[in-house]
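These are the residues of each chain, in order.
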Amino acid sequence: MANPEDMEHLAKLLDGRGKLRDKLDEAFTRAARLGVTGQLSPLKPMQSWTDDTAVDLRRRAAILRAEKGDPKAAALYAGFTPEELKGVNLPPDAMLIANASVANGNKFDTQWLERQKGETLQDWIDRIKSDAVAKVTNNENLGEVVGDYINLTALASTVPGAFKMAAVGTTHLIKYFKSLKTPGRVDFLKAPGTTLAQLLKGQSTSRFIPARIRSLAASIGARTPAPILDALTGKDSFAALSGRQWAWEANLLKVGKNAGSLSRATGASRLSAFASGTGTALRTGGFWRVAGIGGSAVSTVVGAVDLMQEGNPVEAFKRDKAGYVAKASGVAFNATLTMAMVAPTPLTIGAAVVTGAVYGVASIIDNREAIKEFPGKVADAGAWAGKKISEGAGKLADGAKALGSALNPFD
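Residues numbered from 1 in each chain as written. Predicted model: local features only at pLDDT ≥ 70, side-chain atom pairs only at ≥ 80, totals over all residues. Heavy atoms only, no water.

Draft legend 1. Seen up close, the packing of aromatic side chains. For the structure shown, the criterion picks out four aromatic pairs. Pairing Trp246 with Trp248 gives two aromatic rings, centres 5.2 Å apart and planes at 5 degrees, and the pair type is stacked. For Trp248, a relative accessible area of 2% corresponds to the buried category. Residue placement shows Lys44 over the ring face of Phe28; its charged tip is 5.0 Å from the ring centre. Taking the ring centre of Tyr77 as reference, the NZ or CZ of Arg59 above it sits at 5.4 Å. (Phe/Tyr/Trp six-rings, centres within 6.5 Å; stacked < 30°, edge-to-face > 60°. Buried < 20%, exposed > 50% of the residue type's maximum accessible area, 1.4 Å probe, protein only. Lys NZ or Arg CZ within 6 Å of the ring centre and 35° of its normal.)

Draft legend 2. Region of interest: the side chain of Thr280. Relative to the helices and strands, Thr280 resides in helix α12 (residues 270–308). A distance of 2.8 Å separates a polar side-chain atom of Thr280 from the backbone oxygen of Ser276. Once residues lying within four places of it in the same chain are set aside, the contact partners of Thr280 are Phe238, Leu241, Val255 and Ala259. (Helix = DSSP H or I, 4+ residues; strand = E, 2+ residues; numbered from the N terminus. Polar contact = N/O pair within 3.5 Å; in protein donor to acceptor, adjacent residues only side chain to side chain. Contact = heavy atoms within 4.5 Å.)

Draft legend 3. Quick look at helix α3 (residues 44–67). Along its 24 residues, α3 runs 36 Å from first to last C-alpha, staying within 8% of the 34 Å computed at 1.5 Å per residue. Regarding α3, the residues found buried are Gln47, Thr50, Thr53, Ala54, Leu57, Ala61, Ala62, Leu64, Arg65 and Ala66. Summarising the contacts, the buried residues of α3 are in contact with α1 (4–15), α2 (20–34), α4 (73–78) and α5 (92–103). (Expected span 1.5 Å × (residues − 1).)

Draft legend 4. Looking closely at the pattern of salt bridges. Counted according to the given criterion, the structure contains 20 salt bridges. Here Glu369 ties to Lys372 by a salt bridge, and the two come within 3.7 Å at their closest N and O atoms. Taken as a pair, Glu369 and Lys372 lie in helix α16 (residues 368–407) at a separation of three residues, close to a single helical turn. On the accessibility criterion, Glu369 (39% relative accessible area) is partly exposed. By relative accessible area, which is 60% here, Lys372 ends up exposed. Three or more residues joined by partner-sharing salt bridges are found here, namely Asp123, Asp306, Glu310, Arg319 and Lys327. (Salt bridge = Lys/Arg side-chain N within 4 Å of Asp/Glu carboxyl O.)

Draft legend 5. Spatial organisation of the nonpolar core. Ranked by internal contacts, the top residues of the largest apolar core, which has 22 residues, are Leu113, Trp124 and Ile128. Listed by contribution, the elements that provide at least two residues to this core are α3, α4, α5 and α6 (121–137). A total of six residues in this core trace back to one element, the largest contributor, which is α4. Look past the residues within four positions of Ile128 in its chain and what remains in contact with it is Ala94, Met95, Ala98, Trp112 and Leu113. Ranked by size, the runner-up nonpolar core spans 19 residues in total, among them Phe333, Ala343, Ile349 and Ala352. (Core = buried A, V, L, I, M, F, W, Y, C linked by side-chain atoms within 4.5 Å.)

Draft legend 6. Quick peek at a positive patch on the surface. On the surface, Lys175, Lys178, Lys181 and Arg207 cluster together into a positively charged patch. Relative to the helices and strands, Lys181 resides in the loop between α7 (140–179) and α8 (195–200). The exposure class of Lys181 is exposed, given its relative accessible area of 72%. (Patch = residues over 30% accessible without salt bridge, like charges linked within 9 Å, V, L, I, M, F, W, Y side chains within 5 Å. Areas by Shrake-Rupley, 256 points an atom, 1.4 Å probe, with all protein chains shown as cover. Lys, Arg positive; Asp, Glu negative; His and termini not counted. Charge placed at Lys NZ, Arg CZ, Asp CG, Glu CD.)

Draft legend 7. A nonpolar patch on the surface, seen in detail. On the surface, Phe163, Val361, Ile364, Ile365 and Ile371 cluster together to form a nonpolar patch covering roughly 380 Å² of accessible area. By residue number, the principal contributor to the nonpolar patch is helix α15 (residues 346–366), which donates three residues. Along the chain, Ile371 falls in helix α16. A residue is classified by how much of its surface remains accessible, and Ile371, at 40% relative accessible area, is partly exposed.

Draft legend 8. Up close: the side chain of Gln47. With respect to the helices, strands and loops of the structure, Gln47 is situated in helix α3. Setting aside residues no more than four positions away along its own chain, Gln47 makes contact with Arg21, Leu24, Asp25 and Phe28.

Draft legend 9. Focus on the packing of helix α14 (residues 321–342) against α15. With their axes 8 Å apart at the nearest point, α14 and α15 run at an angle of 155 degrees to one another. In terms of their interaxial angle, α14 and α15 are classed as roughly antiparallel. Handedness of the crossing formed by α14 with α15: left-handed. Residues Ala322, Gly323, Val325, Ala326, Ser329, Gly330, Ala332, Phe333, Thr336, Leu337, Met339 and Ala340 of α14 lie in contact with α15, whose contacting residues are Thr348, Ile349, Ala351, Ala352, Thr355, Gly356, Val358, Tyr359, Ala362, Ser363, Ile365 and Asp366. (Axes fitted to C-alpha atoms, helices over the stretch in contact; angles between N-to-C directions. Parallel < 35°, antiparallel > 145°, perpendicular 65-115°, else oblique. Left-handed = near helix turned anticlockwise from the far one by under 90°.)

Structure follows, in structure tokens:
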């Protein structure tokens, strides 16, 4: 009969910021300063009581939510706050099993759902996906295969890009500094993620792209209407505002600043100048580059939030050295990559090269056991699946014989 919102509000009154637990801590701190801690000793058990009771209230509220079909019930039961779950897409398949376990907690084990110390929301989601498979199939190895597959797929989708940035960025930096020694020639740095723009405008000099591909791309770019090509790849004429010839070489911050200053010089207001500078910078970047900047920035924020959920950095590092370094370097890589795409300078490109290399190496070290053991686990899972299929076929054959016997009037 209880209202889960009321129970969660009561829990917040116990351990929320500035509520009962904080007031108790403040009272004990003051008592220690005054040397009268002994006078508050009868209240000491209340500190742990507030924590335990708040957790219990939230879990009871989550059970009620699960019974009503709330898709976030299991995550709330695990210990995540509604604020941490805002805008998060929870996997429906795993959450279906998790919520069923919560709603029937008196019949099923729910310990596997509880948030582990220092576990982030993304870590929890990845873990329960594999744990759910293990629960359904009653095969822990199969659950581990699913978990390793998720981790290795993420590794394969991010680490090669990090190593590519490290390699290509290093090559560009070497060319840039060599060109500085040649009078009248400077090979300006290019923003990461603008290779397609260079190909379509016939300006790609990459040795890794076959000449035939470069020629075909340039031909397509030449037949594309100029307004559309500029909208996608960036308007080169605006690059001059930062002293560059091509849009992919332009520092978008300088372009925006200089465009805003020109607008102010003609009598525009601050707001109009800002809008003009921002619009010019966006048009210089082009859709593909701006989209890449946005995606990298979002990844940086998501990674930073994930890192904050680990708790105290020192304790988090002690728990999982390689894993924490991989996460921290991933955030740093996305942040430096974002800056390099906005403003391709020796400093930003160099930072992206270093963080990309660290992130790639740390991620491989963190997953080295999974990489080594994954083939064997897959083989075991295949053998288990083959056995189950064989058992199922045998039962099907026995059932068919029994049915035939039942239908045979002469048997």
